[in-house]
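# Results of the structural survey
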There are 2 protein chains.
Amino acid sequence: MNIPAYVNDCCRRAQHASRILANQCADTKNDVLKSMAAMLEAETELIEAANAEDVAVARDEGMDDALLDRLTLTGTRIAAMAKGLRELVPLHDPVGAVLAQRTRPSGITITKVRVPLGVIGIIYEARPNVTVDAAGLCLKSGNAVVLRGGTEAYRSNLALSRVLQAALAHCKFPVDAVQFLETTDRAAVDALLHAEQYVDCIIPRGGKSLVYKVAETSRIPVLKHYDGICHTYIAKDADLAKAVAVCYNAKVQRPGVCNAMETLLVDEHIAPKALPLVFAKLREAGVELRGCDKTRALDPAVVPATEADWRTEYLALILSVKIVRSLDEAIAFINEHGSHHSDAIITENHYEAAHFLQYVDSAAVYVNASTRFTDGGEFGMGAEMGISTSKLHARGPVGLEELTTYKYMVRGDGAIRQ
Amino acid sequence: MNIPAYVNDCCRRAQHASRILANQCADTKNDVLKSMAAMLEAETELIEAANAEDVAVARDEGMDDALLDRLTLTGTRIAAMAKGLRELVPLHDPVGAVLAQRTRPSGITITKVRVPLGVIGIIYEARPNVTVDAAGLCLKSGNAVVLRGGTEAYRSNLALSRVLQAALAHCKFPVDAVQFLETTDRAAVDALLHAEQYVDCIIPRGGKSLVYKVAETSRIPVLKHYDGICHTYIAKDADLAKAVAVCYNAKVQRPGVCNAMETLLVDEHIAPKALPLVFAKLREAGVELRGCDKTRALDPAVVPATEADWRTEYLALILSVKIVRSLDEAIAFINEHGSHHSDAIITENHYEAAHFLQYVDSAAVYVNASTRFTDGGEFGMGAEMGISTSKLHARGPVGLEELTTYKYMVRGDGAIRQ
C-alpha cells in the first residue's frame, strides 16, 4: 500500500463529501445522528468482539490496567456513545447563521454567513469513544472528518467507523463524510498533516507529546490544547468560606482533568488565616502540599516546592502553594507560569476582581468560582471537541460554532469598483 | 550579537508591553496614532535621508526600476503614511466588546469579551510603508508588534520605527509596543518564527515564496494569504451588459492585485453571444487572451491556454478563458483550480446565483459584482492587514476585529462544580 497516496485519496474524497455536507439542513444531519446512534446500539456485539481483540493484544503487550480500562468497550460504554450522539440532535445548528450584513455606498450588499470549516483531521490516542464523539460533532457542524486513531484501538475504531458509515449510507448521505484511515502505519499521520490541499484543520486529542509533534509537523492549521496549569489566587479581601469551598472543588472534584487547579497563590496578608482552613480541607482528601518558603514557615508539614513544581500539570492530588505580596505579583506569576487555560481569583474587592479579569491572559478567568467550570457543557455550548489554549480561531471550549468559519456573500447589480 | 537571544528579548519586551496596551482605552490609543502621524511629517527629511541610502545601495546592486520605485520614499509618500494613521483614528475600537453573556444554571455568569491577540510578528518585503501601516493597525487593535522588514529597506524601516517609538515615548506609552528587529541577519526570521512563548500570531506580507517559507517554518499560528486566482463565471442567464462591465473592471481596473480576475468561465449556451462583446472590450485595454479549444473555435485569435494557465496568478493584463457546460462544471472548476479568494457569477437566475454562493468554497463569493471589491475598505472594515485565504480565525479581509481574539470572564459567588 502506498500510504501517502492512500491518505491523500481519503482526504480528497472527504473534501468532495464536505461540499455536499456543508449544504444540508439541520433536520437531515440530525436524522443521520439518530441513525448512527441506533446502529451503534444494534451492532454492540460486533463492536465488543473487535474491541476484545484489541484488549487481548494490548494485555499481551503489557498495557497497564488504567489504560486497559480506557481501551475497553462494554455495552454500557457503547450505549453512552449513542447517547452522546443523540444529545447533539437538539443543539442549535451553527451553519447558515448571518453574522453581519451591510449595504455599501458602492451598491453591493455584503452578507457574512457562518459555514463549516470543510474537512477536519482528528489524530487521537487510545480511547475509542473519540471516533464517535468527533464524528458526531463534525457531522452536526457540517464538516467531513478524517480520523486517525491510536494503534492499540485499531480494530475497535475500524468497527465503530464502519457502523457510522453504514448509518450514512442508510440515510443516503455521502459515506465519505466520515473517513477512517485503515492503516496503523505511522507514515499515515505525516501524510495527513501535509494534505493541505484537502484538509482545513487538524485537531490532535491526546497527551502533550502528541500535540507538540502534530503542531511541529503540520502544514495545516492546528487547533491545539497543550496543558492546563490552572491557578486559584486567594486575594487579601477574600471570603474565607468561599476560598475553602472553591479551592477544594478546583483541586479535588476531579483532579485528573485539565481545568483542575495545580497551583494555589495566596496573598501574604490573608495567608495566616486562610491557609490553615484550606489545608485542613485539602488534607481530608489526601492532597499532597508543596510550598514556597513562606508557606512552609506557616506550616512546616508542607513539602518544599521546586522550580519545576510551578510549571507542572500534576493531574493528581498534589498542589503547589505560593504566598505572594500583591495582586500584581499574582497576575505576573500566572501569566509567566500558567498555561493560559483557566485561572481564578477569590475576592470581595470589585477593583481587584476587575483588574484580575483584565490582566490575566487566559482563555477563562474567574472571580469566586472554580476553574472546573471551563467546559463546553458548563458554558452552555453543548458537547465540545476539547479546550483550546491557542488564541487564534478558538479559545477555550471548542464546540459546534468553533468548528465553523464564515464566508462573505456579495450581491450587486453589475457593480464595479471605481 | 547572539541573534536568537536578541530576537527573544525583543519579543519578550513586546509581550510585556502588550499586556499594558491591551487595557488602554480608544482615546489613549488614538492620541498615539495622531502623535505618530505628526512626528512622521516632522521627521520627513530624516526619513528621506535614510531611504536615500537604501535606494543608492539597491541601485548599485542592480535592483530594477519597478522595485526601486516601490522602495523610494518621497515627501508625498511619507504624508500618505501619516494620513493612513489618521484614518485609523475614527474607526471603531474592537477591544472590550461583549460578544455574548449568559448566566448558567450553576449560578455563574459568563461574559465573552473581545481582547487583543497580544503580540503580532510581521515579516515583510521591500515596501517600507508596511512598517507604519502594520504598526498602526496593531496599535489600534491593542496589540504589540514585532516588525521584520526586508534587507533592502533596512535603513528606511529603522528610521520609520524610531519615529514611531519616539511618538510612543512622547505619549508615555510603552515604547516596546513597537519592536523593529535591528538586524539584517536571516537567522532573526527563524528566531521570530519560533518565539511561541511570546508571539501569538505571525503575518507574512510579501510574495508567495515568502509566505510558503513562513508557513512551513513557523511554530506560531500564521495568518496567510497565498495567491488570488479569481474567477468570473458568465452563466447562461447573464445580462450581457453587466457581464462586459464586471469582467472589464475585474481584469483591467488594477490587474496587479490579488482580487483581480485571472480566469473567465463562460457557459457554452451564452458563449457565442457573450465572448465577442467581452473580448472586444478587454482588447481595447490590451488584454492578452488565452483560451480552451472551444474558446479558440469561436475566436481563433485567442492563444491556446496550457494546463498551467488555469493555476496561474498573472497579476498582469492576461486572462485565461474556458467554456463550460454547466453551473456545476463551473463550480467544480473554481473549487479545483482557484485559490479560494474571490469568485463571481454573472446571472439573472436567482436559483443559479444562490447555488453558486453556497457551493463555491471561497472567502468572498459574488453575484453580478466585480471581485475587485474584496478589500477591507470596500467591505466597510476600514484599513486592512491583507486578505486571508485561510479558513481558520480570519477569512477574507483582515481588519481590526480580525486582529483580536476573546476571553471568557466568569463571575460566581463561591460557585463550585457538582
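Each value, and the rule that gives it
- Residues numbered from 1 in each chain as written.
- Chains lettered and ligands numbered in written order.
- Predicted model: local features only at pLDDT ≥ 70, side-chain atom pairs only at ≥ 80, totals over all residues.
- Axes fitted to C-alpha atoms, helices over the stretch in contact; angles between N-to-C directions.
- Helix = DSSP H or I, 4+ residues; strand = E, 2+ residues; numbered from the N terminus.
- Parallel < 35°, antiparallel > 145°, perpendicular 65-115°, else oblique.
- Left-handed = near helix turned anticlockwise from the far one by under 90°.
- Contact = placed C-beta atoms within 7 Å.
- Nonpolar A, V, L, I, M, F, W, Y, C, P; charged D, E, K, R; others polar.
- Buried ≥ 20, exposed ≤ 12 C-beta atoms within 10 Å, placed from the backbone.
- Least-squares fit on C-alpha atoms with pLDDT ≥ 70 in both.
- Domains from an automatic or database assignment.
- Pairing = 2+ DSSP bridges.

Residues and elements named next belong to chain A. Their axes nearest at 7 Å, the elements helix α3 (residues 44-60) and helix α7 (residues 154-170) cross at an angle of 160 degrees. In terms of orientation, α3 and α7 fall into the roughly antiparallel class. Between α3 and α7 lies a crossing of right-handed hand. For the pair α3 and α7, contact is made by Leu46, Ile47, Ala50, Asn51, Glu53 and Asp54 and by Tyr154, Arg155, Ser156, Leu158, Ala159, Leu160 and Val163, respectively. Classifying every residue of the contact of α3 with α7 gives eight nonpolar, two polar and three charged.

Okay, the environment of Leu319(A) next. Residue and element names in this part refer to chain A. Mapped onto the elements, Leu319 comes out in strand β11 (residues 318-324). Leu319 sits in the buried class, given 28 other C-beta atoms within 10 Å. For the pair Leu319 and Asp309, spaced 10 residues apart in sequence, the C-alpha to C-alpha distance is 8.8 Å.

All names here are of chain A. Despite not being glycine, Lys172 shows a phi value in the positive range, around 55 degrees. Topologically, Lys172 is positioned in the loop between α7 and β5 (178-180). On the neighbour-count criterion, Lys172 (9 C-beta atoms within 10 Å) is exposed.

Between the two chain copies there is a screw-like relation: a rotation about an axis and a shift along it. For these two chains of identical sequence, chain A goes onto chain B by a turn of 180 degrees and a shift of 0.0 Å along the axis, with RMSD 0.1 Å. Look at the turn and shift together and you get a two-fold axis relating the two. For chain A, the smallest separation between a C-alpha atom and the rotation axis is recorded for His393(A), amounting to 1.9 Å.

Okay, the domain arrangement of chain A next. We note that the domain assignment places domain 1 (3-223 + 398-410) and domain 2 (230-373) within chain A. One C-alpha centre belongs to domain 1 of chain A, the other to domain 2 of chain A, and the line joining them spans 36 Å.

To continue, consider the sheet that holds strand β6 (residues 201-205) of chain A. Residue and element names in this part refer to chain A. Strand order in the open sheet formed by four strands is β5-β4-β3-β6, with parallel pairing between adjacent strands. The open sheet terminates on both sides in strands that have one partner only, identified here as β5 and β6. The mean angle between the axes of side-by-side strands here comes to 20 degrees, regardless of whether they run parallel or antiparallel. In the sheet, strand β4 (residues 144-148) pairs with β5 via three bridges, with the strands oriented parallel. Note that in β5 the partner of Val146 across the bridge is Gln179. Its contacts with the sheet place helix α1 (residues 3-21) against β3 (119-124), β4 and β5, and it is angled at close to 150 degrees to β4. Where α7 meets the sheet, its contacts fall on β4 and β5, and the angle it forms with β5 comes to roughly 155 degrees.

Residues and elements named next belong to chain B. Pairing is parallel in the open sheet, where four strands are placed in the order β5-β4-β3-β6. Unpaired on one side and paired on the other, β5 (178-180) and β6 (201-205) mark the two borders of the sheet. With strand direction ignored, the average angle separating the axes of adjacent strands in the sheet is 20 degrees. Bridge analysis of strand β3 (residues 119-124) against β6 gives five bridges, and the strand direction is parallel. Note that in β6 the partner of Tyr124 across the bridge is Arg205. Its contacts with the sheet place helix α6 (residues 129-140) against β3, β4 (144-148), β5 and β6, and it is angled at close to 165 degrees to β4.

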